[in-house]
Amino acid sequence: MDETTKKKKKTAECCGYPISIFFIVVNEFCERFSYYGMRAVLVLYFRYFLLWDDDLATSIYHAFVALCYLTPILGAIIADSWLGKFKTIIYLSIVYAIGQVTMAISTIHDITDANRDGTPDNFTFHIALSMLGLILIALGTGGIKPCVAAFGGDQFQEHQSRQLNTFFSVFYLCINAGSLLSTLITPVLRAQECGIHTQQQCYPLAFGVPAVLMVISLVVFIAGSGMYVKTDPEGNIMWSVCKCIGFAIKNRFRHRSSSYPKREHWMDWANEKYDKLLIAQIKMVLKVLFLYIPLPMFWTLFDQKGSRWTLQATTMSGDFGAFILQPDQMQTVNPILILTLVPIMDRLIFPLIQKCGLNFSPLKRMTVGMLFAAMAFVSAALVQIEIDKTLPNFPSSSESQLKVVNTYSTTLNVTISPNEHLLIESFGSSADYVTFDHQDITVSLNTNPVITKAFSLIKGGRQTLIIPSDPTVMYLKEDVKSKPREGKNAIRFVNGYTADLNITNLDSIEPSATTNYTLVNQGKRDFVLRHGEQWCEFSRKFGFGASYTFLIPSTVFSDDCESITEVEDMKPNSVHMALQIPQYFLITTGEVMFSVTGLQFSYSQAPKNMKSVLQAGWLCTNAVGNIIVLIVAELGKLPKQWAEYLLFASLLVAVSIIFSIMAYFYTYIDPAEIEAQVRKEQGLEPEEMEKETIEMEEKDEDQKNEQGVKQTKI
Ligand SMILES: N[C@@H](Cc1ccccc1)C(=O)N[C@@H](Cc1ccccc1)C(=O)O
C-alpha cells in the first residue's frame, strides 16, 4: 500500500467537469483505436500471412476476443486489492503496448524470409511471436478496461453527479470515435505494399499504427498524473470478500437446525466474525451480480453483428451508387450510429421522457435496450426471408444437382437417364440445374454415332457436365454450392480454343479444359487472353456474390474476344445492403440504452472499494455472451437462418421479461450512504478504522490458520 491515500481532493474544473477527465477520455480514444484497429485486420493476418484455414483463423480470433473480456476480473483484483487503479492502468498499459509492438514485429515477413520469395520461411517463429503478442494484448486491454471507466468515475466530486452521468456517455462516444477511425484506417494500411526484400501486404503498418496509438494512450494518461484523484486499494479486499462469504456459508450450514432463528440475509451469518461494513458491501455487490445473470443474452445477440450479420451482408448488394460498401464494412454503421444516437438520447429523448413525468430508471432503460436488440433480430429475420427468395435452390445433403455446358460445334440433344431431355445449343448451357435424388446417371448425346457415358454425381454437390469439342471426353466439374465469400464473384473459363491459352492471373489452360474458380471483386474487371503472339482483351462488370463460367470459342482471337459467352451459375445478390440499416439502427439504440446505462449503473451501485470489480463483472457478462455464441454456432444450427434469428429474438424477449421482474424488486442504493450508516451504527467514523478492522481480521485469521496448520502438523 505505497500509493498515498487521498480523500477526494478538490480538483481543477472546466465547465463543471474535472480537467483530469480530458486525459482519461483521450487515453480511452487512443486505446480503443489501438484495440479495434488491430482486431480489424487480425483474421486476415491469420488467414493470409500465417496461412491458417478459415476455421482455425475464426476460432483463434473468437478465443482472443473472449480472453479480452475475461481478463478484466484480473485487472480489477489487482487494482482494488493491490496496486490501485492508477498504477494498474500504467503497468498493464505497458504490457499492452509491448504486446502490440510484439504483434507488429511478428508480421514482418522479411525477418525470416531468407530465400526472399515473399513468404516467411519460419512460420513457427511468427506464430509464437504473434501468440505472445496477443496474450499480452488480452491481458492489457482486459486488465485496464474495468479500471479506466471506474477511475474516470472517481474523478468526480459528490456535487457533480449530473456530470458523472454525462461522463459515461462521452466516454462511450470516445470509444466509438476511436473504433470507427481505426476500423476505417487499418484495412487501408494493410492494403499498402511494403517490405525490405519483397513488397507484400503491409501488415507491419496495419499493426504498427495501433501499437503507436497505444504508446500515445499511455503517455497521455501519464501526462494527467498530477491532476488525478487517486484512491488507495484497501488491502486484499477480494480475499477478505471470499473468506467472508465462505464463513457465512459454513456458519449457515452449521446452524441449519430450525432451532436457530433465521437471519434477514444469508450473509448475516458472517456477523459473528466479520466487520458489518464488509458484510454490507458484499451484500451490495452480490445484489448487482445477481441482477447480471440474465445479461449475457443481450451480448449473445449483439456480438452476432460481427459474424452472422456480416455473413448475411455477403449475400446482399453493396452498390450505393456513389460508393461501394464491402460486407464487413457494414459494421462501421454501429459506431457511426453511436456517435449520433448518444447525443440525441442524452439531450433529447431522455429529458423528454423525464418531462412527460415518466420514471425511466437505469434498469428500465436496460430492459428496453434488450427489447430493441430483440426487434433488431426480428428485422434481420425479415431481411433473411427476402434474401432467401433470391437465393439459388441449393441441393440438400441427399440430393445432387447437374447443369450441362455444350462447347461442341452444334446443338445437342442430351438425355440423362432415366427421363431428363435437354436441348443445348453450341456454346450454351442448360437453363438451370437439374436436381437428382440419386447419384448414378447415364448421359447420352445425339451425335453420330450416339455417345453414352455413365457418371456418379456428388451427394449434396453441384456439378457441371462439360461437353468439349470432342464429346467422347465429356467430364464433370464441381461447382460452388454456396455464395462466394465476402460478396466476391466466383469465375472460371472453359477453353474451346484449339491450343493452350494464358489468361491474366491464371495458369495456362489446355484445350477443352476448365479452370478452377477464381474470386474477383465487384466492379469492372479486365482479362487478357493470350496464345503466342495473339491476344485479345475482354471486360466484364460484376455485381456481388455471383458465379460465372466463361466459354471461350475457337474464334476468340479472330473476333477480338467478342464471341466469349457467359453462363450464369449463380445470380448476383439482388437484395440491397441498405435493408440491414434498420436492424443496425435497432441494435445500436438497444446498445445505447443497455450498454451505456449498464456502465453507469455498475459504477453507481458499487461500494467505493469494489468499483473496478463490478465493472469487471459487467464486462464478464460480455465474455459469457461471446461463449454462448461459440456454443450455439457449434451445436444448434436451425435449417433456416431466419428461424434462428427469430429464436434468438424470442429468447431475448423471455430473458428481458425475467430481467424486468428482477429489476422490479431491486432497490437503488447509494453505497456511500449505506457505508456511512453502517459506520455510524458501529461508532466508527473515520475510514481508517474500517481499514484497520479488515486488516486486523485478516491478521487474526492468518494467525489462526497458521496455528491450525501447526496443530495438524503436530
Ligand atoms: N459499439 C462498440 C464499438 C464497436 C465498434 C466497431 C464495431 C463494433 C463495435 C462499443 O461501444 N464497444 C464498447 C462497449 C463494449 C461493447 C461490447 C463489449 C464490451 C464493451 C467498448 O468498450 O469496446
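Residues numbered from 1 in each chain as written. Predicted model: local features only at pLDDT ≥ 70, side-chain atom pairs only at ≥ 80, totals over all residues. Heavy atoms only, no water.

In the annotation of an unreviewed UniProt entry, the protein chain is listed under the name Solute carrier family 15 member 1 and assigned to Cyprinus carpio.

This part is about the packing of aromatic side chains. Overall, the coordinates contain 47 aromatic pairs when judged by the stated rule. Plain terms: the ring middles of Phe298 and Phe302 are 5.9 Å apart, the flat faces sit at 20 degrees to each other, and that makes the pair stacked. In this pair, Phe298 and Phe302 are both assigned in helix 10 (residues 296-302), four residues apart and thus about one turn of the helix distant. By the ring-pair criterion, three or more aromatic residues cluster together here, those being Tyr17, Phe156, Phe167, Phe168, Phe171 and Tyr603. The ring of Phe86 is capped by Lys230, whose NZ or CZ atom sits 4.2 Å from the centre of that ring. Here Arg256 stacks its cationic end above the ring of Phe253, 4.2 Å away from the centre of that ring. (Phe/Tyr/Trp six-rings, centres within 6.5 Å; stacked < 30°, edge-to-face > 60°. Helix = DSSP H or I, 4+ residues; strand = E, 2+ residues; numbered from the N terminus. Lys NZ or Arg CZ within 6 Å of the ring centre and 35° of its normal.)

Taken together, the side chains of Leu371, Val653, Ile657, Ile661, Tyr664 and Phe665 define a hydrophobic patch exposed on the protein surface, amounting to about 640 Å² of accessible area. If one sorts the elements of the nonpolar patch by residue count, helix 16 (residues 641-664) sits on top with four residues. Tracing the chain through its elements places Tyr664 in helix 16. Look at Tyr664 and you get exposed, because its relative accessible area is 66%. (Patch = residues over 30% accessible without salt bridge, like charges linked within 9 Å, V, L, I, M, F, W, Y side chains within 5 Å. Areas by Shrake-Rupley, 256 points an atom, 1.4 Å probe, with all protein chains shown as cover. Salt bridge = Lys/Arg side-chain N within 4 Å of Asp/Glu carboxyl O. Buried < 20%, exposed > 50% of the residue type's maximum accessible area, 1.4 Å probe, protein only.)

Spatial strand order, 15-17-18: three strands in an open sheet with antiparallel pairing. In the strand order of this sheet, the two ends are held by strand 15 (502-503) and strand 18 (534-542), each with one partner. Looking at chain direction, strand 17 (residues 523-531) and strand 18 are connected through nine bridges and run antiparallel. Bridged to Phe527 within strand 18 is Phe538. (Pairing = 2+ DSSP bridges.)

What follows deals with the site of the ligand. Near the ligand there are 14 residues, and of these Arg32, Tyr36, Lys145, Asn334 and Glu591 occur at the shortest range. Within the contact set of the ligand, an oxygen atom lies 2.8 Å away from a side-chain nitrogen or oxygen of Arg32. For the ligand, an oxygen atom lies 2.6 Å from a polar atom in the side chain of Tyr36. When the free accessible area of the ligand is taken as 520 Å², the share hidden by the protein chains comes to 93%. Listing elements by their share of the shell around the ligand, those giving two or more residues are helix 1 (20-49), helix 6 (161-191) and helix 12 (333-355). No other element matches the four residues that helix 6 contributes to the shell around the ligand. Class assignment of the residues belonging to the shell around the ligand gives a composition of six nonpolar, four polar and four charged. Counting residues domain by domain, the shell around the ligand receives three or more from each of domain 1 (13-235) and domain 2 (291-390 + 573-694). (Near = heavy atom within 4 Å. Polar contact = N/O pair within 3.5 Å; in protein donor to acceptor, adjacent residues only side chain to side chain. Nonpolar A, V, L, I, M, F, W, Y, C, P; charged D, E, K, R; others polar. Domains from an automatic or database assignment.)

To continue, consider the packing of helix 12 against helix 14 (residues 581-604). Packing of helix 12 against helix 14 brings their axes to within 9 Å, and their N-to-C directions diverge by 55 degrees. Comparing their axes, helix 14 and helix 12 come out oblique. When you trace helix 12 past helix 14, the crossing you get is right-handed. Mapping the contact onto sequence places Val333, Asn334, Leu337, Ile338, Leu341, Val342, Met345 and Phe350 in helix 12 and Tyr584, Phe585, Thr588, Thr589, Glu591, Val592 and Met593 in helix 14. Residues belonging to the contact of helix 12 with helix 14 are distributed by class as follows: 11 nonpolar, three polar and one charged. (Axes fitted to C-alpha atoms, helices over the stretch in contact; angles between N-to-C directions. Parallel < 35°, antiparallel > 145°, perpendicular 65-115°, else oblique. Left-handed = near helix turned anticlockwise from the far one by under 90°. Contact = heavy atoms within 4.5 Å.)

With that settled, the discussion passes to the domain arrangement of the protein chain. When the parts of a complex come together, some accessible area is lost, and that lost area is often taken as the interface size. Assigned domains of the protein chain: these are domain 1 (13-235), domain 2 (291-390 + 573-694), domain 3 (393-479) and domain 4 (480-572). Here domain 2 and domain 4 have C-alpha centroids that lie 47 Å from each other. Taken together, the contact pairs 12 residues of domain 2 with eight residues of domain 4. Both faces combined, the contact of domain 2 with domain 4 buries some 750 Å², and carbon together with sulfur accounts for 53% of it. For the domain 2 face of the interface with domain 4, the top three residues by lost area are Thr314, Ile324 and Asn573, together amounting to 55%. At the junction of domain 2 and domain 4, the tally comes to zero salt bridges. Inspection of the region where domain 2 meets domain 4 yields three residue pairs in polar contact (both at pLDDT 80 or more). (Buried area = accessible area lost by both parts, 1.4 Å probe.)

Attention now moves to the pattern of salt bridges. When their charged atoms lie close together, side chains carrying opposite charge are able to pair. A full pass over the atoms with the stated rule returns 13 salt bridges. With a closest N to O distance of 3.7 Å, Arg492 and Asp569 form a salt bridge. Here Arg492, found in strand 14 (residues 489-495), pairs with Asp569, found in strand 20 (residues 565-570); they are 77 residues apart in sequence, far enough to count as distant. Neither Arg492 nor Asp569 differs from the other in exposure class; each is buried. Look at the salt bridges and you will find they share partners, linking Lys403, Asp479, Arg492 and Asp569 into a network.

Omega for the bond connecting Asn448 with Pro449 falls within 30 degrees of zero, at 0 degrees, which places this linkage in the cis form. Mapped onto the fold, Pro449 is located in the loop between strand 10 (440-445) and strand 11 (451-456). Despite not being glycine, Cys15 has its phi angle at roughly 55 degrees, a positive value. You can see Cys15 is positioned in the loop between strand 1 (13-14) and strand 2 (17-18). Note on Cys15: relative accessible area 69%, which makes it exposed.

What follows is about the side chain of Thr447. Mapped onto the elements of the fold, Thr447 is located in the loop between strand 10 and strand 11. At a separation of 2.9 Å, a polar atom in the side chain of Thr447 contacts the main-chain carbonyl oxygen of Pro449. Each residue touching Thr447, except ones within four places of it in the same chain, is listed here: Tyr408, Leu412 and Pro471.

So, on to the environment of Gln605. Counting through the fold element by element, Gln605 comes out in the loop between helix 14 and helix 15 (611-634). For Gln605, a relative accessible area of 3% corresponds to the buried category. Along the chain, Gln605 and Ile137 lie 468 residues apart, while their C-alpha atoms are 29 Å from each other. Side-chain polar atoms of Gln605 contact the side chain of Tyr666, separated by 2.6 Å.

So, on to the nonpolar core. Counting 137 residues, the largest nonpolar core has Leu42, Phe46, Phe64, Phe171, Phe207 and Trp618 as its most contacted members. Looking at this core, you find at least three residues from each of domain 1 (13-235) and domain 2 (291-390 + 573-694). Among residues more than four places away in sequence, those in contact with Trp618 are Tyr292, Leu295, Trp299, Met366, Phe594, Ser595, Gly598, Leu599 and Ser602. Grouped together as the second largest cluster of nonpolar side chains are 21 residues, Phe527, Phe538, Ala546 and Ile552 included. (Core = buried A, V, L, I, M, F, W, Y, C linked by side-chain atoms within 4.5 Å.)

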